[in-house]
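# Results of the structural survey
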Amino acid sequence: MRIEPEISGASIVLRGDFNPAIFTPAWFALHKLLPESVADNAELQVAHQQATAFDADWLQIRVVTDQFSAETSQAPHIRLCDLVLRVFKEHLHHTPLKALGINRSVHFRVGSFAERDRIGRTLAPIKPWGTWAKQIGLDGEHGGMRSLTMTQINPEGRAKGDSINVTVEPSNRVGEGRVGIYVSVNDHYSIESPSSETAQQLMGLLEENFETSIKRSDGVIDHIMSLEKK
């Protein structure tokens, strides 16, 4: 990437019907999805019928009754895809799934508050806001872009209801809230009629598209980074 992000991550999110209680570190070790040493040292926050959450080495798992999320902040991201494929192709292939998100996010730092504000105004100009723009001010101290989301609906060659969503915001995690930028890309795949068979369909989409999706997301993020003037 053009700039090395201070925080960088990828996640795979599934929507459907889940039994959170089974997704414990011990279950992942039992099915050889994670090494026993990793599972034994996992930080288990909660595990019951409504929610399970744990962190294990490079992996963060969060499950509630209608959503499964696997996330990592460590490369290579492909092992996240491999893990999810094994879970839902080999062991839980009858789980009713209805949507898939392949997500990429970064927090990076620019040279100054003024530069961060300039990038925000490049993406969301204040001139179209008329007289109110004067109240926002020209120095960024009195306001500016707080969150911008751009969406591509029904990407070519994909199912109706699919979308790619890019959000840009000031980062609240790097740059002391003044010189950081957060960019997230959500690549959304959906199923019109969820059933016990749709898990295989979504896993096929994940396997076929994961690396392409991450590469496309990195390209979008790299472009946002390129807006900084050196």
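Source: prediction; values computed, not measured. (Residues numbered from 1 in each chain as written. Predicted model: local features only at pLDDT ≥ 70, side-chain atom pairs only at ≥ 80, totals over all residues. Heavy atoms only, no water.)

## Regarding the nonpolar core
Phe23, Phe28, Phe68, Phe88 and Leu206 are the most contacted members of the largest nonpolar core, which has 38 residues in total. Counting residues per element, the ones that place at least two in this core are strand 1 (7-16), helix 1 (25-30), strand 3 (51-56), strand 4 (59-64), strand 5 (67-72), helix 3 (78-91), strand 6 (97-109) and helix 6 (198-226). The leading source of residues in this core is helix 3, at seven residues. When residues no more than four places from it in sequence are discounted, the contact partners of Phe23 are Phe18, Phe28, Thr52, Phe54, Val63, Phe68, Val87, Phe88 and Leu92. The next biggest cluster of nonpolar side chains, apart from the first, holds 16 residues, and it includes Ile119, Ile181, Val183 and Ile224. (Core = buried A, V, L, I, M, F, W, Y, C linked by side-chain atoms within 4.5 Å. Buried < 20%, exposed > 50% of the residue type's maximum accessible area, 1.4 Å probe, protein only. Helix = DSSP H or I, 4+ residues; strand = E, 2+ residues; numbered from the N terminus. Contact = heavy atoms within 4.5 Å.)

## Considerations on the packing of aromatic side chains
Here the structure, examined in full by the defined rule, presents nine aromatic pairs. Considering the side-chain rings of Phe18 and Phe88, the 6.1 Å spacing of their centres and the 75 degrees angle between planes classify their relative orientation as edge-to-face. Linking Phe18 in the loop between strand 1 and helix 1 with Phe88 in helix 3, this pair joins segments that are 70 residues apart in sequence. Here Phe18 and Phe88 have matching classes, each one buried. A ring pair is formed by Phe23 and Phe88, whose centres lie 6.4 Å apart and whose planes are at 35 degrees; its orientation type is tilted. You can see Phe23 sitting in the loop between strand 1 and helix 1 and its partner Phe88 sitting in helix 3, a full 65 residues away along the chain. Phe88 shares its class with Phe23; the two are buried. Across the ring face of Tyr189, the terminal group of Arg158 is positioned such that the distance to the ring centre comes to 3.8 Å. (Phe/Tyr/Trp six-rings, centres within 6.5 Å; stacked < 30°, edge-to-face > 60°. Lys NZ or Arg CZ within 6 Å of the ring centre and 35° of its normal.)

## As for the pattern of salt bridges
Following the criterion strictly, the structure yields 11 salt bridges and no others. Measuring nitrogen to oxygen at the nearest pair gives 3.6 Å for the salt bridge that ties Arg86 to Glu90. Of this pair, Arg86 and Glu90 both sit in helix 3, separated by four residues, roughly a single helical turn. Accessibility expressed as a relative area gives 45% for Glu90, which makes it partly exposed. When salt bridges with common partners are traced through the structure, they connect Arg158, Asp162, Asp187 and Arg216 into a single cluster. (Salt bridge = Lys/Arg side-chain N within 4 Å of Asp/Glu carboxyl O.)

## So, the packing of helix 3 against helix 6
Running from N to C, helix 3 and helix 6 point in directions that differ by 165 degrees, and their axes come no closer than 10 Å. With respect to each other, helix 3 and helix 6 are oriented roughly antiparallel. Note that helix 3 runs across helix 6; the crossing there is left-handed. In contact with Ile78, Cys81, Val84, Leu85, Phe88 and Lys89 of helix 3, helix 6 contributes Gln200, Met203, Leu206, Glu207, Phe210 and Glu211. (Axes fitted to C-alpha atoms, helices over the stretch in contact; angles between N-to-C directions. Parallel < 35°, antiparallel > 145°, perpendicular 65-115°, else oblique. Left-handed = near helix turned anticlockwise from the far one by under 90°.)

## Examining the sheet that holds strand 6
Within a beta sheet, neighbouring strands are joined by backbone hydrogen bonds and run either parallel or antiparallel to one another. Across the sheet, which stays open at both edges, the nine strands sit in the order 2-3-4-5-1-6-9-8-7 with antiparallel pairing between neighbours. One side of each edge strand has no neighbouring strand; the edge strands of this open sheet are strand 2 (43-47) and strand 7 (148-153). Strand-to-strand, the axes of this sheet are offset by a mean angle of 10 degrees, without reference to chain direction. Examined bridge by bridge, strand 3 and strand 4 share six bridges and lie antiparallel to one another. Bridging from a neighbouring strand, Phe54 pairs with Ile61 of strand 4. (Pairing = 2+ DSSP bridges.)

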